Amino acid sequence: MILGKGEHTYQFKALTDLWIGSVTFEEKDDQIKEKIGPNRLITTGLLGSIRWWFEVLVRGLGGSACDPTDTKCEDRNHCVACEIFGCTGWARKFRFEVLGEDGKIKTDQIKQNQIFSLRFTPLRPICDEEWNLLDATLRLIAEYGAIGGKTVFKPTDQSGRASKPHHKDYGLVQMTTPQQLDGLSRGVLETYLSKWRNIDRGDFAWASLQRFWCVNGRYLGRQGNESTFNQVLGRRVAKNQGQRLVNPNDEISKWLAGSQQESKKVFSFKHPARTFGFVNPRLIDFDFDAMKQRLQGVWGKDGWEFLAGEEIIDQLLPKEDRS
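Residues numbered from 1 in each chain as written. Predicted model: local features only at pLDDT ≥ 70, side-chain atom pairs only at ≥ 80, totals over all residues. Heavy atoms only, no water.

1. Side note on the overall build of the protein chain
- Counting its secondary structure elements, the protein chain contains eight helices and twelve strands.
- Across the 323 residues that make up the protein chain, the buried fraction comes to 50%.
- Sequence separation of 24 or more characterises 71% of the internal contacts of the protein chain that already satisfy a separation of 6 or more.
- Taken as a whole, the protein chain presents about 15800 Å² of accessible surface, with 45% of it coming from carbon and sulfur. (Helix = DSSP H or I, 4+ residues; strand = E, 2+ residues; numbered from the N terminus. Buried < 20%, exposed > 50% of the residue type's maximum accessible area, 1.4 Å probe, protein only. Contact = heavy atoms within 4.5 Å. Areas by Shrake-Rupley, 256 points an atom, 1.4 Å probe, with all protein chains shown as cover.)

2. Thoughts on the side chain of D17
- Here D17 lies in the loop between β1 (8–14) and β2 (22–28).
- For D17, a relative accessible area of 10% gives the class buried.
- One polar contact links D17 to K111, side chain to side chain, over a distance of 3.3 Å.
- At 2.8 Å, the side chain of D17 and the backbone nitrogen of Q112 are in polar contact.
- The residues contacting D17, other than those within four sequence positions of it, are Q109, I110, K111, Q112, K168, D169, Y170 and G171. (Polar contact = N/O pair within 3.5 Å; in protein donor to acceptor, adjacent residues only side chain to side chain.)

3. Observations concerning helix α4 (residues 186–193)
- Among the residues of α4, those classed as buried are R186, L189, Y192 and L193. One side of α4 carries all its buried residues, which in axial view fall inside an arc of 125 degrees.
- Buried-residue contacts for α4 involve α1 (43–60), α2 (80–85), α3 (128–144) and α8 (310–316). (Arc of directions from axis to C-beta.)

4. Quick look at the pattern of salt bridges
- Summed over the entire model, instances satisfying the criterion amount to 14 salt bridges.
- R51 is paired through a salt bridge with E55; the nearest N and O atoms lie 2.8 Å apart. Here E55 and R51 lie together in helix α1, a separation of four residues that amounts to about one turn. Like R51, the residue E55 is buried in the burial classification.
- Here D108 makes a salt bridge to K106, at a shortest N to O gap of 2.8 Å.
- Note on D108: relative accessible area 38%, which makes it partly exposed.
- The network of salt bridges with common partners includes D17, K111 and K168. (Salt bridge = Lys/Arg side-chain N within 4 Å of Asp/Glu carboxyl O.)

5. Points about the confidence of the model for the protein chain
- On average, residues of the protein chain score 84 in pLDDT, and 82% of them reach the 70 mark or higher.
- Mean pLDDT per element in the protein chain: β2 is the minimum at 42, and strand β7 (residues 212–216) is the maximum at 98. (pLDDT = per-residue confidence, 0-100.)

6. Some points on the nonpolar core
- If you look at the biggest cluster of nonpolar residues, it comprises 90 residues, and the most contacted ones within it are I50, L118, F120, F212, M291 and L295.
- Top element by residues in this core is α3. It accounts for nine residues. (Core = buried A, V, L, I, M, F, W, Y, C linked by side-chain atoms within 4.5 Å.)

7. A short note on the sheet that holds strand β10 (residues 266–269)
- Read across the sheet, four strands follow the order β10-β11-β7-β12 without closing on themselves; strand pairing throughout is antiparallel. Looking along the sheet, the strands with just one partner apiece sit at the ends: β10 and β12 (307–308).
- The sheet strands contacting helix α7 (residues 288–299) are β7, β10, β11 (274–278) and β12, and the helix crosses β7 at an angle near 25 degrees. (Pairing = 2+ DSSP bridges. Axes fitted to C-alpha atoms, helices over the stretch in contact; angles between N-to-C directions.)

8. Here we look at the sheet that holds strand β4 (residues 94–99)
- The strand order β4-β5-β1-β6 describes an open sheet built from four strands, whose pairing is antiparallel. In this open sheet, the two strands that pair with only one neighbour each are β4 and β6 (173–175). The mean angle between the axes of side-by-side strands here comes to 25 degrees, regardless of whether they run parallel or antiparallel.
- Bridge analysis of β4 against strand β5 (residues 115–122) gives six bridges, and the strand direction is antiparallel. When the bridges of β5 are listed, L99 appears paired with S117.
- Contacting β4 and β5, α1 runs over the sheet at an angle of about 115 degrees to β4.

9. Section: the side chain of S64
- Along the chain, the position of S64 falls in the loop between α1 and α2.
- Its relative accessible area of 6% is what places S64 among the buried residues.
- Within the structure, S64 has its side chain in polar contact with the side chain of N198 (distance 2.8 Å).
- When neighbours within four sequence positions are excluded, S64 is seen to be in contact with V58, C79, V80, R197, N198 and I199.

10. Concerning the packing of aromatic side chains
- As enumerated under the stated definition, the model contains 23 aromatic pairs in all.
- Plain terms: the ring middles of Y192 and W196 are 6.1 Å apart, the flat faces sit at 65 degrees to each other, and that makes the pair edge-to-face.
- Residue classification places Y192 among the buried positions, given a relative accessible area of 11%.
- The class for W196 is partly exposed, based on a relative accessible area of 23%. (Phe/Tyr/Trp six-rings, centres within 6.5 Å; stacked < 30°, edge-to-face > 60°.)

11. A look at the packing of α1 against α3
- Viewed as axis vectors pointing N to C, α1 and α3 meet at an angle of 105 degrees, and their least axial separation amounts to 9 Å. It follows from the interaxial angle that α1 and α3 lie roughly perpendicular. Listed contacts from α3 to I50, W53, F54 and L57 of α1 are L133, L134, A136, T137, L138, L140 and I141.
- A class-by-class count of the residues in the contact of α1 with α3 yields ten nonpolar, one polar and no charged. (Parallel < 35°, antiparallel > 145°, perpendicular 65-115°, else oblique. Nonpolar A, V, L, I, M, F, W, Y, C, P; charged D, E, K, R; others polar.)

Dropping the structure here:
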């Protein structure tokens, strides 16, 4: 087994463009305004996405991870995610770099079919458990999730609209590097996580691998004047009513559909086809079976595989220590 010494580099192929937007500035009416665009690679955005999935994995293994947008973690009083990714008064444990296929630092947007690498170089000691959690996080993203921004866009089968920016797929990658670690067992990682600060998961209890599901090979989108995506969310399917819920009092649909300030909890991509999302333990009667029934309403019962929670953990981590 590779020990937690030296750099680790993971190579990927971009199956779609990645949106890791740049910040530019434009002058208009004597005011300077920020303008977000996709043309320059901002590594902090990419790393923030990796950290978010790291936290999903940690919670799925029974550990605690703070909400970095509203955290009480600081200095040495921090959670396991802040231990490696950093927080106020506690520096990140590694240097993070994105490399192009030529091995040089990449500064422009990662485009579909490009080969790129993520390099993690230790700045302080990183233990085997941390390397294994990071490794599993990257495989989780590549095999079941997506990375970067704009992953909430919805596919369409309308040929005249497929090229519109808000119907494009962003964030799907394929890991081309062989697995670098023999893999610590789930039990070893859970024991490690149990030693860290315990944090009330609060509103982020759903952002856990225990609440995560994925269907590879199927997508939700607009077909004609109707939308299977809206149908699954509980919205009206007609195009001109797509922001309205069928039942405004349906708490499950309200949570799934999100709002302007809150993200949807279902994500779907057309090329390659992938749909994933979360269920919420705080909503009565909303479990994996309830989510599966919503999907069956648009896909039928046969020809696709619904993977969730424990099944995905079993595929990511060995049950027994291989070291």
